[in-house]
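The residues making up each chain are set out below.
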Amino acid sequence: MAAITNLPLLLRNVTYRTGGQTLLDDISATISNGAPTAILGPNGAGKSTLLHLAMGLMAPTGGWLSWGGRTETSPIRRAIVFQKPVMLRRTVRGNVTFALSQAGVPSKELENRLQSLLQRVDLVALADRPARRLSGGEQKRVALARALAREPDLLLLDEPTADLDPAATRAVEQIIAGAAASGTKILMVSHDAAQVRRLAGDILFLVKGRLRESAPTTKFFSETATPLAQSFLRGDLLTEA
Amino acid sequence: MDDAGAWRLIVSADPALYAIVYLSLKISLSAVLAAGLIGFPLGALLAFSSFPGRGAVIVLTNALMGLPPVVVGLCVFLALSRSGPLGSLGLLFTPTAMIIAQTILIMPIIIALTRQTIEDLWGEYRNELLAMGLSPLGRLIALLYDARISLLTTLLAGFGRAAAEVGAVMIVGGNIEGFTRTMTTAIALETSKGDLPLAMGLGLILIAIVIAINASTWLLGAFARNRMG
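These notes cover the structure that comes with them. All values derive from a computational prediction rather than experimental measurement. (Residues numbered from 1 in each chain as written. Chains lettered and ligands numbered in written order. Predicted model: local features only at pLDDT ≥ 70, side-chain atom pairs only at ≥ 80, totals over all residues.)

1. Let's talk about the overall build of chain A
In step 1: Looking only at helices and strands, chain A features eight helices and nine strands.
In step 2: Here chain A has a C-alpha radius of gyration of 18 Å; the compact-globule value for 241 residues is 18 Å, and the two agree.
In step 3: The C-alpha extent of chain A, read off along each of the three principal axes, is 55 × 40 × 35 Å.
In step 4: The buried share of chain A, taken over its 241 residues, is 46%.
In step 5: Put simply, of all contacts in chain A between residues at least 6 apart along the chain, 67% involve residues at least 24 apart. (Helix = DSSP H or I, 4+ residues; strand = E, 2+ residues; numbered from the N terminus. Rg over C-alpha atoms; globule rule 2.2 N^0.38 Å. Buried ≥ 20, exposed ≤ 12 C-beta atoms within 10 Å, placed from the backbone. Contact = placed C-beta atoms within 7 Å.)

Below, the structure is given as structure tokens:
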């Protein structure tokens, strides 16, 4: 088990077409260990689709992906937090315990692991509340706890702080930074340039299904090469590409 | 009509009357239990699986929800009668035969409603469960567990049908006094004999029981929903 790793995650000529539309067009990238990688881009760029492919939830219609050399898609040590995470009809405790037992944690270790996860996402006080009654920010933290329960070496986050207020955003960003610091590779979708600047080490800039730029964060923000990226950073509405 | 007579029977706790009530409950609840044990997994399986003719199977189970009890009774009667395929078991005109008939009668309801519930929940849970790497069996268990409150209502629908029907239990049970007489068959019999107070008393008890079971299930569901969201 310890030998299995998802890194590097390779995408080679990955294309995804559905219903006559090309959502992703010939994307090649290598995601290696290190600081978080952000997928940045305007709405409809194909960011979420790319993340679902990276999780192995769907197969590309062209090209291929591999996780640490494996092309088999079972989500070992890999986890995802969806943009709108679905809470199981259970308590917070029930949600996280379910994720832990699915990750193969033996039952005698469940309670310890549960408590440390709840502390990590600051949900100890809400442990016995029904998860579906929580606020959006609290649900995001439940989803993060469920994802971290898998002890992922690759953690995929789809707009982790969309629709959250500044306090909730801060809480979630701290959890993300903590996971990254403890060695989990994070691949996160965002359309928030400021957040990407705070968290990410490098950036994949996606527009209309095409990878327009791939650069370290500092370089991307200081000397963005493409006019498209420049106009995105200026806050222009990217309607054409 | 002499309503006072009906009340007197209820209040005086007539032992024959309570034997009938007990048998009715025993048969209908056993049938609901059996239909749930078989119908929940089958319905969930139908929600997931894809095979040629799946649409036809779904339409058929939906249609069978309206299965006429007398037809079920007739079929079970033929199967259990002395010259039938299961005649050697000697089950005809026993409570067991009545449970079998009611189980068959309400099975389509359980399967059809379970299929719908699980299919909807799967649509919602799909990505999360796949991302956790659940096996097909694991998904089945997780979905049935998380749908448990809705499935409780499914059981109620089945119980309502079982408790209310008279045709199937009449045919395979035979309405034998003290042995296979249920509330519904007794009501039918007493009405035809002209003993309206007894029929009325039984009718009132039947309605009261159905309301009580629905109310307690509703309370249980409300409690669970409050705790689990």
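After that view of the structure, there is still more to cover.
2. With respect to the overall build of chain B
In step 1: Looking only at helices and strands, one finds 10 helices and zero strands in chain B.
In step 2: Counted from the first residue to the last, chain B has its helices and strands arranged as α-α-α-α-α-α-α-α-α-α.
In step 3: Across its three principal axes, chain B shows a C-alpha extent of roughly 65 × 50 × 25 Å.
In step 4: The 229 residues of chain B split such that 37% are buried.
In step 5: Look at the contacts in chain B between residues 6 or more apart in sequence, and 79% of them connect residues 24 or more apart.

3. Description of the sheet that holds strand β1 (residues 9-18) of chain A
Residues and elements named next belong to chain A.
In step 1: The strand order β2-β1-β4 describes an open sheet built from three strands, whose pairing is antiparallel. Looking at which strands have only one partner, the edges of the open sheet turn out to be β2 (21-31) and β4 (62-67). Within the sheet, the average angular offset between the axes of one strand and its neighbour, ignoring direction, is 20°.
In step 2: Where β1 meets β2, seven bridges bridge the pair, whose relative direction is antiparallel. Each residue of the ladder has a partner; that of Tyr-16, found in β2, is Leu-24. (Pairing = 2+ DSSP bridges. Axes fitted to C-alpha atoms, helices over the stretch in contact; angles between N-to-C directions.)

4. Some remarks on the sheet that holds strand β8 (residues 202-207) of chain A
All names here are of chain A.
In step 1: Taken in spatial order, the six strands of this open sheet run β5-β6-β7-β3-β8-β9, and their pairing is mixed. Both edges of this open sheet fall to β5 (78-81) and β9 (210-216), since each of them pairs with a single strand only. Neighbouring strand axes in the sheet, compared pairwise and without regard to direction, differ in orientation by 15° on average.
In step 2: Inspection of the sheet shows strand β6 (residues 154-158) paired to strand β7 (residues 185-190) by five bridges, in the parallel sense.

5. Re the pairing of β8 of chain A
All names here are of chain A.
In step 1: Burial analysis of β8 places six of its six residues in the buried class, which makes it a mostly covered element.
In step 2: Note that strand β3 (residues 37-40) and β8 share four bridges and pair parallel. Residue pairing for β8: Thr-37 is matched across the bridge by Asp-202.
In step 3: By the bridge criterion, six bridges tie β8 to β9 in an arrangement that is antiparallel.

6. Observations regarding the packing of helix α2 (residues 15-48) of chain B against helix α5 (residues 95-131) of chain B
Residues and elements named next belong to chain B.
In step 1: For the pair α2 and α5, the least separation of the axes is 5 Å and the interaxial angle reads 35°. The way α2 lies across α5 gives a crossing that is right-handed.
In step 2: Of the residues assigned to the contact of α2 with α5, the class counts are 22 nonpolar, eight polar and two charged. (Left-handed = near helix turned anticlockwise from the far one by under 90°. Nonpolar A, V, L, I, M, F, W, Y, C, P; charged D, E, K, R; others polar.)

7. Brief notes about the interface of chain B and chain A
In step 1: At the interface, 13 residues of chain B touch 18 residues of chain A.
In step 2: Elements represented by at least two residues in the side of chain B that touches chain A include exactly α5 and α10 (196-228) of chain B.
In step 3: It is α5 of chain B that contributes the most residues to the side of chain B that touches chain A, six residues altogether.
In step 4: Split by residue class, the side of chain B that touches chain A holds six nonpolar, three polar and four charged.

8. What about the packing of helix α7 (residues 148-164) of chain B against α10 of chain B?
Residues and elements named next belong to chain B.
In step 1: The geometry of α7 relative to α10 is characterised by a closest axis approach of 10 Å and an angle of 175° between their N-to-C directions. When the axis of α7 is compared with that of α10, the two are roughly antiparallel. Seen from α7, the contacting residues are Ile-149, Leu-152, Leu-156, Phe-159, Gly-160 and Ala-163; seen from α10, they are Leu-206, Val-210, Ile-213, Asn-214, Thr-217, Leu-220, Gly-221, Ala-224 and Arg-225. (Parallel < 35°, antiparallel > 145°, perpendicular 65-115°, else oblique.)

9. Description of helix α9 (residues 183-193) of chain B
Residues and elements named next belong to chain B.
In step 1: Every buried residue of α9 is accounted for by Met-183, Thr-184, Thr-185, Ala-186 and Ile-187.
In step 2: Those residues of α9 hidden inside the fold are in contact with α2, α7, α8 (167-173) and α10.
In step 3: Residue Gly-194 follows α9 closely and has a positive phi angle near 95°.

10. Quick notes on helix α4 (residues 69-80) of chain B
Residues and elements named next belong to chain B.
In step 1: Over its 12 residues, α4 extends 16 Å from the first C-alpha to the last, a length consistent with the 16 Å expected when each residue adds 1.5 Å.
In step 2: For α4, the complete set of buried residues consists of Pro-69, Val-72, Gly-73, Val-76, Phe-77 and Leu-80. Along the long axis of α4, the arc covered by the buried residues comes to 135°, so they all point the same way.
In step 3: Among the structural elements, α5 and α8 are those in contact with the buried residues of α4. (Expected span 1.5 Å × (residues − 1). Arc of directions from axis to C-beta.)

11. With respect to the nonpolar core
If you look at soluble globular proteins, the nonpolar side chains tend to sit buried side by side.
In step 1: Counting residues in each nonpolar core, the largest one holds 126 residues, and the members touching the most others are Ile-39, Val-96 and Ala-145 of chain A together with Ala-101 and Val-172 of chain B.
In step 2: Ranked by residues supplied to this core, first place goes to α5 of chain B with 19 residues.
In step 3: Aside from chain neighbours lying at most four places away, what touches Ile-39 of chain A is Lys-47, Leu-50, Leu-51, Leu-187, Met-188, Val-189, Leu-204 and Leu-206 of chain A. (Core = buried A, V, L, I, M, F, W, Y, C linked by C-beta atoms within 7 Å.)

12. Re the environment of Ser-182 of chain A
Residues and elements named next belong to chain A.
In step 1: Take Ser-182: it is sitting in the loop between α5 (166-181) and β7.
In step 2: Under the C-beta neighbour-count criterion, Ser-182 is labelled exposed, with 10 such atoms within 10 Å.
In step 3: For the pair Ser-182 and Arg-78, spaced 104 residues apart in sequence, the C-alpha separation works out to 15 Å.

13. Quick look at the environment of Lys-219 of chain A
All names here are of chain A.
In step 1: Residue placement: Lys-219 occurs in helix α7 (residues 217-222).
In step 2: Given 13 C-beta atoms within a 10 Å radius, Lys-219 is considered partly exposed.
In step 3: For Lys-219 and Ile-203, which are 16 residues apart along the polypeptide, the C-alpha to C-alpha distance reads 9.5 Å.

14. Re the environment of Asn-95 of chain A
All names here are of chain A.
In step 1: When you line up the elements, Asn-95 lands in helix α2 (residues 92-102).
In step 2: Note: C-alpha distance between Asn-95 and Arg-70 (25 residues apart in sequence) is 29 Å.
In step 3: Apart from residues no more than four positions distant in its own chain, Asn-95 is found in contact with Met-87, Leu-88, Arg-90, Ala-131, Val-142 and Arg-146.

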